[in-house]
Amino acid sequence: MNKKSTALAFLIAVLILLYGCGGSGQYKIEKGNYSDTTYKSTGAVLKGTYKVRTAPDFTLQFSGGLNLGMAELSSNYQNIFDAQQFVNGENFGVKTGFGFMLTGKVPLHAAGNIRLNITTTYNRFQSDMFTKTSPFGRVSYNVFAFGLGIENSFSPSFKLKPFIAVEIQGNFISGKADIIDEAANSTRNVKIKNSFRIGYMVYSGLEYMLSNRFGINFGLKLTNANQVLKQSSIDSDPNEVSIRDKKVDDPLDFAGFKNFTFTSFFIGFNIYFGVKDVLFKF
Amino acid sequence: MKKQPVFIIMKLPILLIIILFAEISYSQTVTHRYMIVRTLPLYTLQVNLNYNQSVLELAGTYNDDVHSVQIYEGTTFGTDKGFGGNIVSKINLDRRGQIRFTQTVAFNRILSYTFGKKATLADQGHANYNAFTGALGLEYNFTPSHRFKIYIGADINASIINGETRIWFYGIEGQLGDSTADYNIKNTFRMGFGVDFGSEFLLNSDIGIHVAVKFLDLNVFLRKSEGTNDDAEFKLRDADSPGLRFAGNKSFAFYSIIAGASFYFGIGEKRYKLK
C-alpha cells in the first residue's frame, strides 16, 4: 500500500470513528423560561422520570459467528474444494468458517465514547464446511490473532450502544491440506506451518444492556489477516510449508498473491463494570 | 396645597430604592431547565453512492487477475469490485417509527478491474456487469427519535442484469495463442434479497448523513442457463447446464458499502420541564 492510499485509509477511518461521536442525541438540556404547554388530558399516566446510565468503566465482550471469505479466501469451483487452484496458488481453497472473539474495552475519557480495545480472536476455515465432500481433498486453516484498536461508542450511557471500531492485528495462520490425486490413487498431506502476518479488522455492531452488569451484542466484521508481511519462502520439506501468500516469478506450489480477507457475522454477550444509574425527574 | 420642594427631595431616595428592588426582583425570575426531545420523521428520503465488493461466485479475480477459464467453464462471474448508487424512500408503519416500509431503486456496476489493470497481469479477459434493481422491504429502527438512528433492514429485490465479457483463450481447450473473444450478456430478469445494517446522523431537522453495509444476492430466484455454445450473445447463465459454456450454479452476490444524504420530513420538538 503506498503512502497516498495509507493516508486516505487513515482519513476514512478517522471520519468513520468521528461520525456521530458525542452521543446519540435523543435529548438536549436547555435553560429557558417557556410557558407550559396546554393540552387536553387523555387520561394517560405520563412517566415522570427518565433514566440514563453512566458509561461503563470497563466492558468485556465475547462473541462468535460465521465467516464468509472474500477475494482469494473465496474459492469457487462447483461449491467444492479444487486442488488445482489451491496448488497453483490462485486461492486458499476455502470459502467459509467460524470464529470467536474476546474483547476488553477501556474508555479513554469520562464520557466513554472513545474506547481502547484489546482483542484476541480465533478463526477456523474448512473447505468442506457447508459444502459437499470434494474428490480432490480438503484444506483447513486456524488463525489466532491479537489486536489493539480504537472504538467509538456512540451512546455509552444508554442501554443501546452502537459502536464502530478499527484494530491492528498480529495473526498466526496455520493449517493442513490433503490433496487427492484420483488418477494416481494417492494423497499428498501438506502441513501449513505457523506463519506470522499483520492485518487489520474493522467492525461495527450494537450492544444492548439487559442490566447494568450484563448485555448482548451483534454486528459485522471485516478482517484482512495478512495485509502486511506477505511472503512465499522455499521450505526444505515440500510438504511442510508456510502460508505462501506473495507472488513469485518462478513456479512454486501454493504461492501467489493472496489476501486472507473475510467478513464475519457475530453475536455474543457483554459484561459491564462500573455502571451507575442517573435519573432525570420531570 | 402646594408641596414643599424639601419633601419631594426626601421622597426621591425611597423611589429609587423601590425601582432598584423591582429591578432585582425582575432579574431573579427563575430560569427553568428543559429536556428537548426530537419527534421522529414521518418520511425519509435517502440518496446514496455505493462501493461494491463481490463475494461467492460473483468474485473471480484471484491474485488480482481475472481467470478467463473459470468464467468460460461457468465457475465464476469473474468480477472483483464495483460502484453504484441508490435512492431509498422510508415510510413509518407504526406510531413510534421503529418499523419502516422501504422502497429502493438502485444501479450497480461490477467489474473485473474497477481501479485499472496492473501491467504485469497475464490474463487479457475481463467481465463487467450492470444491475438495475428495484426492492421493497422492511426496516427496524432502534432509535427513531434520536439524532443518531441505527437500523437493520431486509428487502426482496428484482433486477435486470446485463454485461459483457472477454475471454482469453490461452490454455483453454488446448489453445496456446493469445486469441480473445467478446460475449454480450443480454438483459436478464432475476429476483433476490438484500439485508442491511446502517445508521443515519441528523445534521438538523431536515437533513442528515447516512452510512450502511448491505449484502445483496440478486439471483436467488429464476436462475436459468439457455442457448448454445455458438452464441456470442446470450442471457445470464447462472444455473447448471452440463456442456453449455459459461453455465454453472452461481450467486450474483456482493457487499455494498453505502454512504449518502438523508432528507427528513415532519420532525418536530417537544420540551419537558425538569424539576
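Calculation rules
- Residues numbered from 1 in each chain as written.
- Chains lettered and ligands numbered in written order.
- Predicted model: local features only at pLDDT ≥ 70, side-chain atom pairs only at ≥ 80, totals over all residues.
- Helix = DSSP H or I, 4+ residues; strand = E, 2+ residues; numbered from the N terminus.
- Contact = placed C-beta atoms within 7 Å.
- Core = buried A, V, L, I, M, F, W, Y, C linked by C-beta atoms within 7 Å.
- Buried ≥ 20, exposed ≤ 12 C-beta atoms within 10 Å, placed from the backbone.
- Pairing = 2+ DSSP bridges.
- Nonpolar A, V, L, I, M, F, W, Y, C, P; charged D, E, K, R; others polar.
- pLDDT = per-residue confidence, 0-100.

Asks: Explain the overall build of chain B to me, and be specific about the residues and the numbers.
Replies: A tally of regular secondary structure across chain B gives two helices and eleven strands. Ordered by position in the sequence, the α and β elements of chain B form the string α-β-β-α-β-β-β-β-β-β-β-β-β. Viewed in the frame of its principal axes, chain B has a C-alpha envelope of about 130 × 45 × 30 Å. By sequence separation, contacts in chain B at least 24 residues apart represent 69% of the contacts at least 6 residues apart.

Asks: I'd like to hear about the overall build of chain A, residue by residue, with values.
Replies: A count of helical and extended segments in chain A gives two helices and twelve strands. When its helices and strands are written in sequence order, chain A yields α-β-β-β-α-β-β-β-β-β-β-β-β-β. Considering only intrachain contacts with a sequence separation of at least 6, the fraction spanning at least 24 residues in chain A is 69%.

Asks: Run through the nonpolar core, naming residues and quoting values.
Replies: Counting residues in each nonpolar core, the largest one holds 53 residues, and the members touching the most others are Leu73 and Tyr141 of chain A together with Val55, Leu58, Ala253 and Phe254 of chain B. Sort the elements by how many residues they give to this core and strand β6 (residues 137–153) of chain A lands first, with four residues. Discounting chain neighbours no more than four positions away, the residues touching Val55 of chain B are Leu68, Met70 and Ser74 of chain A together with Ala253, Phe254 and Tyr255 of chain B. Core analysis: the second largest hydrophobic core is formed by eight residues, Phe154, Phe163, Ala165 and Val166 of chain A among them.

Asks: Could you give an account of the pairing of strand β12 (residues 277–281) of chain A, with specific residues and numbers?
Replies: Residues and elements named next belong to chain A. With respect to burial, β12 is a largely exposed element, only zero of its five residues being buried. Pairing analysis gives five bridges linking strand β2 (residues 49–53) to β12, with the strands arranged antiparallel. Bridged to Arg53 within β12 is Asp277.

Asks: Kindly report on the interface of chain B and chain A, identifying the contributing residues and their values.
Replies: Contacts between the two partners involve 39 residues from chain B and, on the opposite side, 38 residues from chain A. Mapped by element, the contributors of at least two residues to the side of chain B that touches chain A are β1 (32–38), β2 (43–55), β6 (148–168), β7 (180–202), β8 (207–221) and β11 (269–274) of chain B. The greatest single-element share of the side of chain B that touches chain A, amounting to six residues, is contributed by β1 of chain B. For the side of chain B that touches chain A, a count of residues per class yields 18 nonpolar, 14 polar and seven charged.

Asks: Explain unusual backbone geometry residue by residue, including any values.
Replies: With phi around 55°, Asn185 of chain A is a residue other than glycine that occupies positive phi space. Here Asn185 of chain A is to be found in the loop between β7 (160–181) and β8 (186–209). Looking at Asn185 of chain A, the number of C-beta atoms within 10 Å reads 7, which means it is exposed. At Phe246 of chain B, a position not held by glycine, the phi torsion is positive, near 70°.

Asks: Let's hear about the confidence of the model for chain B: which residues, and what values?
Replies: Across chain B, pLDDT averages 87, with 92% of residues at or above 70. Under the prediction, the complex receives an ipTM of 0.78, its pTM being 0.82.

Asks: Tell me what's going on with the environment of Lys105 of chain A, and back it up with residues and numbers.
Replies: Residues and elements named next belong to chain A. Along the polypeptide, Lys105 turns up in strand β4 (residues 96–107). We classify Lys105 as buried; it has 24 C-beta atoms within 10 Å. Considered as a pair, Lys105 and Arg244 are 139 residues apart in the sequence and their alpha carbons are 34 Å apart.

Asks: Outline the environment of Gly175 of chain A, supporting the account with residue identities and numerical values.
Replies: Residues and elements named next belong to chain A. Assignment of secondary structure puts Gly175 in strand β7. For Gly175, a count of 22 C-beta atoms within 10 Å puts it in the buried group. Measuring from C-alpha to C-alpha, the distance between Gly175 and Lys191 comes to 6.2 Å, with 16 residues separating the pair along the chain. For Gly175, the residues in contact, after removing those within four places along its chain, are Val139, Ser140, Tyr141, Asn142 and Ile192.

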